[in-house]
Amino acid sequence: MLTRILTGAAALIAFVPVLFFSHTPVFDIVIALISLLGTLELLKCAGVIKKYALSLPSLAAAFFAPLLFRYAANELIPVIFAAYLFYLLFASVFTRKNNSTNDMALCFFSAVFVSVSFTAVIITRELARGDILYLLIFIGAWSTDTFAYFTGKFLGRHKLPGVLREVSPNKTVEGVMGGVIFCALAFVLYGFIIEKSNRFGVSPDYITLACSGVLVSAAAQLGDLSMSAIKRNYGVKDYGAVFPGHGGVLDRFDSVMAAAAAVMIIGKYLKIFSEVV
């Protein structure tokens with residue numbers, strides 16, 4: 001437990017400075033590198049990392065996808081992804097003795113799933129008032145992770161039901177609820193801080209913020225469970241060992257990936273912050 005706490009604190013301290021450069025290429029490159037490492041871990045987990053004809057282009061796609069969404073012309077993006085897909089299809093044909101169609105599908109899924117999830121962080125930063133919205137991704141994921149863990153640790157009495165228990169036997173109903181409640185509170189607190197700072201000229205809709213916190217927390221925890229399900233399917237305990245006590249990039253950022261998609265959609269279609277006239 002102590003190792004987990006210390007690693008989480010150290011990772012947070014190291015990552016916070018990156019957030020201050022979210023308007024610069026530094027942030028984009030860090031997100032691209034995280035996408036690359038996450039895809040590498042997933043390819044290793046699936047046992048296809050040594051299928052180099054398929055895995056190396058997939059790793060390249062995972063790294064460049066977030067950067068393409070930021071800097072490339074929009075019409076180029078589907079062309080590039082179509083070229084990547086067709087390359088994998090052709091490679092699975094011409095190298096079929098070493099690379100099966102299943103290998104191709106696993107590489108494509110790994111690269112697209114991870115890169116799209118992290119690209120959502122960059123897309124959110126580019127939305128209207130994205131300078132405020134994108135932080136909700138990390139607030140939602142990390143407040144959910146933290147309070148779900150401690151609530152489950154000290155108050156957990158009821159294990160998750162059915163198949164959810166098989167996926168994550170240590171999680172409890174109390175932990176899940178604690179994550180949701182404290183995430184909603186964290187969103188409201190963030191809105192209060194933004195409003196009182198007088199730096200951003202916005203007025204938060206606190207009801208929408210609280211409801212968004214509930215949805216983002218639910219998404220983050222489902223993201224956590226889905227990545228756990230993949231690990232269990234391949235009989236792997238952790239995706240890596242980058243973060244002692246936590247595991248790999250995917251073990252640490254699984255909830256961030258799902259939270260990013262949720263905040264991106266919410267930020268696109270709901271007005272959380274209104275400009276003060």
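A short tour of the structure in this document, coming up.

Definitions and cut-offs
Residues numbered from 1 in each chain as written. Predicted model: local features only at pLDDT ≥ 70, side-chain atom pairs only at ≥ 80, totals over all residues. Heavy atoms only, no water. Helix = DSSP H or I, 4+ residues; strand = E, 2+ residues; numbered from the N terminus. Buried < 20%, exposed > 50% of the residue type's maximum accessible area, 1.4 Å probe, protein only. Expected span 1.5 Å × (residues − 1). Arc of directions from axis to C-beta. Contact = heavy atoms within 4.5 Å. Axes fitted to C-alpha atoms, helices over the stretch in contact; angles between N-to-C directions. Parallel < 35°, antiparallel > 145°, perpendicular 65-115°, else oblique. Phe/Tyr/Trp six-rings, centres within 6.5 Å; stacked < 30°, edge-to-face > 60°. Patch = residues over 30% accessible without salt bridge, like charges linked within 9 Å, V, L, I, M, F, W, Y side chains within 5 Å. Areas by Shrake-Rupley, 256 points an atom, 1.4 Å probe, with all protein chains shown as cover. Salt bridge = Lys/Arg side-chain N within 4 Å of Asp/Glu carboxyl O.

Within the protein chain, the regular secondary structure consists of 11 helices and two strands. Written out in order from the N terminus, the α and β elements of the protein chain read α-α-α-α-α-α-α-α-α-β-α-α-β. Considering only C-alpha atoms, the protein chain reaches an extent of 60 × 50 × 30 Å along its principal axes. Among the 277 residues that make up the protein chain, the fraction classed as buried is 47%.

For an α-helix, 3.6 residues make a turn, and residues three or four places apart therefore share a direction. The end-to-end C-alpha separation of helix α4 (residues 76-94) is 27 Å, in line with the 27 Å expected for 19 residues at 1.5 Å each. Every buried residue of α4 is accounted for by Ile77, Phe81, Tyr84, Leu88, Ala91 and Ser92. Across the axial projection of α4, the buried residues extend over an arc of 100 degrees, all falling on one side. When the buried face of α4 is taken as reference, the exposed residues oriented beyond 90 degrees from it are Pro78, Val79 and Phe94. Contacts made by the buried residues of α4 are with α3 (52-71) and α5 (101-126).

Two numbers describe how α3 lies on α4: the axes approach to 11 Å, and their chain directions differ by 175 degrees. Here α3 lies roughly antiparallel to α4, going by the angle between them. Along the contact surface, α3 presents Ala53, Leu54, Pro57, Ser58, Ala61, Ala65, Leu68 and Phe69, while α4 presents Ile77, Ile80, Phe81, Tyr84, Tyr87, Leu88, Ala91 and Ser92.

A few words on the packing of aromatic side chains. Counted under the stated rule, the structure contains 10 aromatic pairs. The structure contains a cluster of three or more aromatic residues connected by ring pairs, namely Tyr149, Phe150 and Phe154.

Once that is clear, we can look at a nonpolar patch on the surface. Taken together, the side chains of Phe147, Val173, Met177, Ile181, Phe182 and Leu185 define a hydrophobic patch exposed on the protein surface, amounting to about 510 Å² of accessible area. Topologically, isoleucine 181 is positioned in helix α9 (residues 173-197). By relative accessible area, which is 45% here, isoleucine 181 ends up partly exposed.

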